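Breakdown of the fold
What follows is the residue order along each chain.
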Amino acid sequence: MDESLSAWFAREVLPHEAMLMRYLGRLCGGREDLYDLRQDIYVRIYEMARARRPAPVRPVLLTIARNLVIDRTRHHRVVSIQPA
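I will try to describe carefully the structure that is included in this document. (Residues numbered from 1 in each chain as written. Predicted model: local features only at pLDDT ≥ 70, side-chain atom pairs only at ≥ 80, totals over all residues. Heavy atoms only, no water.)

Overview of the overall build of the protein
Along the protein, the regular secondary structure elements total four helices and zero strands. Listing every helix and strand of the protein by position from the N terminus yields α-α-α-α. Expressed as a percentage of the 84 residues in the protein, the buried residues total 35%. Considering only residue pairs separated by 6 or more positions, the protein has 66% of its internal contacts joining residues 24 or more positions apart. Of the roughly 5900 Å² that the protein leaves accessible, carbon and sulfur atoms contribute 54%. (Helix = DSSP H or I, 4+ residues; strand = E, 2+ residues; numbered from the N terminus. Buried < 20%, exposed > 50% of the residue type's maximum accessible area, 1.4 Å probe, protein only. Contact = heavy atoms within 4.5 Å. Areas by Shrake-Rupley, 256 points an atom, 1.4 Å probe, with all protein chains shown as cover.)

Have a look at this one:
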């Protein structure tokens, strides 16, 4: 693990956690998987930062969060078609 990347993550991303959780709560209506969403967001921004560290971080976090919620909503709306 790249120590400078971990230090960047702790310094730039983690301070936004409370704001991110409030945003996810508004988007998801208090769904139970908010912590899973948060973890997926952190994974995506960490992977993104390996190539190029985003600045500022806040809009990137919010965009990733919105896109993940949209993707999960679409996935949950897919109706399974089973032969009768």
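Quick look at helix α2 (residues 17-28)
With twelve residues, α2 should reach 16 Å at 1.5 Å per residue; the first-to-last C-alpha distance of 16 Å fits that figure. Those residues of α2 that sit buried are M19, L20, M21, Y23, L24 and C28. G29 occupies a position one or two residues after α2 and carries a positive phi of about 65 degrees. (Expected span 1.5 Å × (residues − 1).)

Some details on the pattern of salt bridges
A complete count under the given rule lists six salt bridges for this structure. One salt bridge connects D33 with R72, and the closest N-O pair in it is separated by 3.3 Å. Here D33 is found in the loop between α2 and α3 (34-51), whereas its partner R72 is found in helix α4 (residues 57-77), with 39 residues between them in sequence. One exposure class covers both D33 and R72, and it is buried. With its nearest N and O atoms 3.7 Å apart, the salt bridge here joins D71 to R74. Residue D71 and its partner R74 are both found in helix α4; the two are separated by three residues, about one turn of the helix. Residue class for R74 comes out exposed when judged on its relative accessible area of 56%. (Salt bridge = Lys/Arg side-chain N within 4 Å of Asp/Glu carboxyl O.)

A few points about the environment of R50
Note on placement: R50 falls in helix α3. Separated by 45 residues in sequence, R50 and L5 place their C-alpha atoms 7.3 Å apart.

Section: the packing of aromatic side chains
In the structure shown here, the tally under the stated rule is two aromatic pairs. Aromatic pair F9 and Y42: ring centres 5.3 Å apart, planes at 90 degrees, arrangement edge-to-face. With F9 in helix α1 (residues 3-13) and Y42 in helix α3, the pair connects residues that are 33 residues apart, well separated along the chain. Summarising the burial analysis for this pair, F9 and Y42 share the class buried. On the numbers, 5.6 Å between centres and 70 degrees between planes, the contact of F9 with Y46 is edge-to-face. Here F9 is found in helix α1, whereas its partner Y46 is found in helix α3, with 37 residues between them in sequence. Assessed through its relative accessible area of 14%, Y46 is described here as buried. Of the aromatic side chains, those joined through ring pairs into one cluster are F9, Y42 and Y46. (Phe/Tyr/Trp six-rings, centres within 6.5 Å; stacked < 30°, edge-to-face > 60°.)

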